[in-house]
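Coordinate analysis (summary)
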Amino acid sequence: MSVIPLVFTSGWASGINAYAVVLLLGLFGATGVSDEVPAALQRTDVLIAAGVLFLCEAIADKIPYVDSVWDTAHTVIRPVAGAVVAALLAGESGSLPELAAGAIGGSTALMSHLVKAGTRMAVNTSPEPFSNVGMSIAEDLGVAGVITFAIFNPIAAAVIAAVLLVLGIVTVFFLASRIRRFLRRRAQRREEKRLAGTGGHWPPG
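Treat the numbers as computed from the prediction; the structure is a model and nothing was measured.

Scanning the protein from N- to C-terminus turns up nine helices and zero strands. Listing every helix and strand of the protein by position from the N terminus yields α-α-α-α-α-α-α-α-α. The principal-axis extents of the C-alpha atoms in the protein amount to approximately 75 × 35 × 30 Å. In the protein, buried positions account for 43% of the 205 residues. For the protein, long-range pairs separated by at least 24 residues make up 74% of all intrachain contacts whose partners lie at least 6 apart in sequence. Of the roughly 10,400 Å² of accessible surface on the protein, 74% is carried by carbon and sulfur atoms. Placing the 15 positive and 14 negative side-chain charges of the protein at their respective mean positions leaves the two points 15 Å apart.

Turning our attention to the packing of aromatic side chains. The description of an aromatic ring pair uses the distance of the two centres, along with the angle that the planes make with each other. In total, this model carries one aromatic pair according to the counting rule given. Plain terms: the ring middles of F173 and F174 are 5.6 Å apart, the flat faces sit at 80° to each other, and that makes the pair edge-to-face. Neither residue differs from the other here; F173 and F174 are each classed as exposed.

With that settled, consider the pattern of salt bridges. This structure, assessed with the given rule, holds 10 salt bridges. Between K62 and D140 there is a salt bridge whose closest N-O contact spans 3.6 Å. Residue K62 is found in the loop between α3 (44-60) and α4 (66-73), and its partner D140 is found in helix α7 (residues 130-152); the two are separated by 78 residues along the sequence.

Residues R178, R180, R181, R184, R185, R189, R190 and K193 make up a contiguous surface patch of positive charge. Looking at the secondary structure, you find R178 in helix α9 (residues 176-199).

This part takes up a nonpolar patch on the surface. A cluster of nonpolar side chains, F149, I155, V159, I160, V163, L164 and L167, forms an exposed patch at the surface whose accessible area comes to about 600 Å². The dominant element in the nonpolar patch, judged by the number of residues it contributes, is helix α8 (residues 154-174), at six residues. Within the element layout of this structure, F149 appears in helix α7.

Right, let's talk about the packing of α7 against α8 for a bit. Axis separation between α7 and α8 bottoms out at 6 Å; the angle between their running directions is 150°. Here α7 is positioned roughly antiparallel relative to α8, judged by the angle of their axes. Mapping the contact onto sequence places V146, F149, A150 and F152 in α7 and P154, A156, A157, I160 and L164 in α8.

All right, on to the side chain of S136 then. Relative to the helices and strands, S136 is located in helix α7. Those residues in contact with S136 that sit more than four places away from it in its chain are A58, D61, K62 and R120.

Looking at the largest pocket, its volume works out to about 340 Å³. Lining of the largest pocket is provided by 16 residues; of these, W12, I16, V115, E139 and L164 occupy positions nearest its centre. Elements with a contribution of two residues or more to the lining of the largest pocket: α1 (4-30), α6 (98-123), α7 and α8. Of the residues belonging to the lining of the largest pocket, the class tally is nine nonpolar, five polar and two charged.

Reading the values: the criteria
Residues numbered from 1 in each chain as written. Predicted model: local features only at pLDDT ≥ 70, side-chain atom pairs only at ≥ 80, totals over all residues. Heavy atoms only, no water. Helix = DSSP H or I, 4+ residues; strand = E, 2+ residues; numbered from the N terminus. Buried < 20%, exposed > 50% of the residue type's maximum accessible area, 1.4 Å probe, protein only. Contact = heavy atoms within 4.5 Å. Areas by Shrake-Rupley, 256 points an atom, 1.4 Å probe, with all protein chains shown as cover. Lys, Arg positive; Asp, Glu negative; His and termini not counted. Charge placed at Lys NZ, Arg CZ, Asp CG, Glu CD. Phe/Tyr/Trp six-rings, centres within 6.5 Å; stacked < 30°, edge-to-face > 60°. Salt bridge = Lys/Arg side-chain N within 4 Å of Asp/Glu carboxyl O. Patch = residues over 30% accessible without salt bridge, like charges linked within 9 Å, V, L, I, M, F, W, Y side chains within 5 Å. Axes fitted to C-alpha atoms, helices over the stretch in contact; angles between N-to-C directions. Parallel < 35°, antiparallel > 145°, perpendicular 65-115°, else oblique. 1 Å grid on protein atoms, 1.4 Å probe; cavity = no way out; pocket = protein on both sides within 12 Å on 5 of 7 lines; lining within 4 Å. Points joined across faces, edges and corners; volume = space filled by probe spheres on them. Nonpolar A, V, L, I, M, F, W, Y, C, P; charged D, E, K, R; others polar.

Printed below as a string of C-alpha cells:
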C-alpha cells in the first residue's frame, strides 16, 4: 500500500490543476528525479500536450468569470485525469490494484475540483481581477510544492493535501452565500441574453 499517499496527493492536485500534475510528474520521471513515475507520463508528446494545456489554464484561470467557465468544462476532465494518473502510478508500483487507485485518485480529484470551483465562484462576486490572479498563483504554487514534496516524502505530502482539502471544504461551506450570489448573477445574465436575443427577432414597430 506504499503508493496510496502518492495516489491521494496526485488526486488532490489533479482536482486543482491536472495539467500541472501530469507535466511535473512527467518531468520528474524523464529527468531521473523519481523512478516511480510511469513511462506513459514521460513521453514527449504527453509532456508537450500537458505543457500547452497548462499554459492555457494559467491564462484562463486568472480571468474573472472565465475561470468559472473553465472549471465547469473541467468538471469531468480533472477527476478523470486524477483517476488515470493514480491508476498509472499503481500499475507502475504494483502495490495497489489499478481500479482501487483510480477510484481514490478520481474521487479525491473530484472533491478538490469542487472546492476550487466553489471558491472561484465566491471570489467572482468581487468585481476586481486581483483576487482571481492571487488565487490562481497560490493554487499553482501549492500544486507544484505539494507534488514536488510528494516525490521525496509521499506520506507527509499526503497529510498536507488532506489538511488542505478539509480546509477547502470548510471554506466553501462558509462561502456558500457568495457562491449562491454568483449563481444568481450568472442566471440573470443568461436570462438577459436570452431576452435580448428574443427581442432582436421581433418585427419593428
